[in-house]
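So the chains spell out like this:
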Amino acid sequence: MRPVPRLRPRSCNPVAVKHDAELRWWLDEWLPVLQAGGFNPGDASELLDGEPAAPTYEGRRWQQARAEVRRVLKEAAIEDESFFDGKVVVDIGPGPLGFPDACPARVSIGVDPLAERYREHGLLLEGSDALYLSVGAESIPLTSGSVDVVVARNSLDHVDDPQAVLSEAQRLLRPGGTLILNFDVDHAPTATEPHALTSERVRDAVRDMTIVHEATPDQPHGGAGQVVVMVARTTMSSRGG
Ligand SMILES: C[S@@+](CC[C@H](N)C(=O)[O-])C[C@H]1O[C@@H](n2cnc3c(N)ncnc32)[C@H](O)[C@@H]1O
């Protein structure tokens with residue numbers, strides 16, 4: 001069995017504090033639910049058309065991952081189940097939930113500064129074709145105009161600089177590419193969600209794109225405020241950079 005690294009000593013750096021709190025949440029709150037036979041979020045079976053929970057931890061991890069792909073499509077009101085097929089897809093802030101691993105893209109990439117620490121703690125799915133970049137999404141080492149879809153679900157208020165992340169997402173997208181955003185607005189900043197976003201601020205940051213869908217589902221991710229889902233397309237003639 002792989003030795004599990006100890007959590008690093010406490011730091012005063014707010015980004016390091018945020019990352020430690022984030023990792024703690026996955027280890028202390030999320031992982032035990034999956035290990036005990038359940039799902040977190042708990043509606044994975046429902047999203048998988050009533051599929052019963054697999055008897056093994058690994059089986060449930062893959063079910064959760066497949067459920068997250070369905071969740072992203074459902075929330076974005078994209079009815080085409082094959083939407084991601086054959087595409088280059090980047091997921092900003094996937095955590096260890098497994099969206100990049102289960103996404104049926106041609107190339108599926110998760111961008112998360114904690115990816116390496118998630119791996120060290122055995123939280124990433126093994127045997128996956130997805131690639132993880134262990135960097136902040138403010139500066140992603142991929143060339144401009146090389147990505148078909150960027151997903152940022154429940155991560156925009158977690159990043160260091162939401163404006164820079166939205167610019168970077170647009171730089172990466174090809175002409176006609178799709179940005180799928182799902183973020184909390186109107187909540188007080190917390191250790192892991194340091195940004196109080198507004199729909200107006202996000203709309204302004206993607207003003208060069210066409211917003212094709214916007215909705216405000218009920219349940220905020222962080223327990224306060226409101227969720228906003230926004231799907232935007234780059235124009236067919238636009239270029240990254
Ligand atoms: C609440 S989790 C989101 C998990 C998943 N996307 C979901 O649908 O619930 C937020 C993730 O954002 C990541 N994150 C924090 N700062 C980031 C940054 N600068 N760039 C990209 N991801 C970041 C965190 O490490 C964490 O894994």
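Our subject is the structure that appears above.
Residues numbered from 1 in each chain as written. Predicted model: local features only at pLDDT ≥ 70, side-chain atom pairs only at ≥ 80, totals over all residues. Heavy atoms only, no water.

*Asks:* Which parts of the structure should I look at to understand the pairing of strand E2 (residues 107–111)?
*Replies:* Residues in a regular strand project their side chains so that they alternate between the two faces of the sheet. Across the 5 residues of E2, 4 count as buried, placing the element largely inside the fold. The sheet contact formed by strand E1 (residues 88–92) and E2 spans 5 bridges and is parallel. Along E2, the bridge assignment pairs Val-90 with Ile-109. Pairing between E2 and strand E3 (residues 131–133): 3 bridges, direction parallel. Of the residues in E3, the one forming a bridge with Gly-110 is Tyr-132. With respect to chirality, the unit in which E2 leads through helix H5 (residues 115–120) into the neighbouring parallel E3 is right-handed. (Buried < 20%, exposed > 50% of the residue type's maximum accessible area, 1.4 Å probe, protein only. Helix = DSSP H or I, 4+ residues; strand = E, 2+ residues; numbered from the N terminus. Pairing = 2+ DSSP bridges. Right-handed = clockwise from strand over helix to strand, strands pointing away.)

*Asks:* Help me out: how do you make sense of the environment of Gly-95 in this one?
*Replies:* Relative to the elements of secondary structure, Gly-95 occurs in the loop between E1 and helix H4 (99–102). The buried category is assigned to Gly-95, whose relative accessible area is 4%. Taking the C-alpha atoms as reference, Gly-95 lies 24 Å from Val-206; in sequence the two are 111 residues apart. Excluding residues within four positions of it along the chain, Gly-95 makes contact with Trp-26, Asp-112, Tyr-118, Leu-124 and Tyr-132. (Contact = heavy atoms within 4.5 Å.)

*Asks:* What is the right way to read the environment of Val-159 from this model?
*Replies:* Take Val-159: it is sitting in the loop between strand E4 (147–153) and helix H6 (162–172). Judged by its relative accessible area of 11%, Val-159 is buried. Residues contacting Val-159, with those up to four places away along its chain left out, are Lys-18, Glu-138, Val-165, Pro-194 and His-195.

*Asks:* Honestly, the site of the ligand in this entry has me stumped. Any pointers?
*Replies:* With respect to spatial proximity, 21 residues lie near the ligand, and among them Gly-93, Asp-112, Tyr-118, Ala-137 and Arg-153 are the closest. Between Gly-93 and the ligand, the recorded distance is 2.8 Å, taken from a backbone N or O atom to a nitrogen atom. Contacts to the ligand include Gly-95, whose backbone N or O atom sits 3.4 Å from an oxygen atom. Protein chains shield 95% of the accessible area of the ligand, which is 600 Å² for the free molecule. (Near = heavy atom within 4 Å. Polar contact = N/O pair within 3.5 Å; in protein donor to acceptor, adjacent residues only side chain to side chain. Areas by Shrake-Rupley, 256 points an atom, 1.4 Å probe, with all protein chains shown as cover.)

*Asks:* Whenever I open this one, the packing of helix H1 (residues 14–35) against helix H3 (residues 57–75) confuses me. Can you help?
*Replies:* Packed helices, taken two at a time, are described by the angle their axes make and the gap between the axes. As a packed pair, H1 and H3 sit with axes 9 Å apart at the nearest point and diverge in direction by 115°. Along its contact with H1, which presents Trp-30, Leu-31, Leu-34 and Gln-35, the element H3 presents Tyr-57, Arg-60, Arg-61 and Gln-64. Grouping the amino acids of the contact of H1 with H3 by side-chain chemistry returns 4 nonpolar, 2 polar and 2 charged. (Axes fitted to C-alpha atoms, helices over the stretch in contact; angles between N-to-C directions. Nonpolar A, V, L, I, M, F, W, Y, C, P; charged D, E, K, R; others polar.)

*Asks:* I'm lost on the pattern of salt bridges in this one. Help?
*Replies:* Where side chains of opposite charge bring their charged atoms close, a pairing between them can arise. Scanning the model with the defined rule gives 14 salt bridges in all. With a shortest N-O distance of 3.1 Å, Asp-49 and Arg-70 are connected by a salt bridge. Placement of Asp-49 in the loop between helix H2 (44–47) and H3 and of Arg-70 in helix H3 is noted, with a sequence separation of 21 residues between them. When its relative accessible area of 66% is taken as the criterion, Asp-49 is described as exposed. Note on Arg-70: relative accessible area 26%, which makes it partly exposed. Within this structure, Asp-43, Glu-68 and Arg-71 form a network of salt bridges that share partners. (Salt bridge = Lys/Arg side-chain N within 4 Å of Asp/Glu carboxyl O.)

*Asks:* How do you make sense of H6 when you look at a structure like this?
*Replies:* Each full turn of the α-helix corresponds to 3.6 residues, which orients residues three or four apart in the same direction. Within H6, burial applies to Pro-162, Val-165, Leu-166, Glu-168, Ala-169, Gln-170 and Leu-172. Packing partners of the buried residues in H6 comprise E1, E4, strand E5 (173–185) and helix H7 (199–205).

*Asks:* Before we go on, may I ask you to explain the side chain of His-158 in this structure?
*Replies:* In this fold, His-158 is placed in the loop between E4 and H6. A residue is classified by how much of its surface remains accessible, and His-158, at 13% relative accessible area, is buried. At a separation of 3.0 Å, a polar atom in the side chain of His-158 contacts the side chain of Glu-22. Setting aside residues up to four positions removed in sequence, His-158 forms contacts with Lys-18, Glu-22, Thr-192, Glu-193 and Pro-194.

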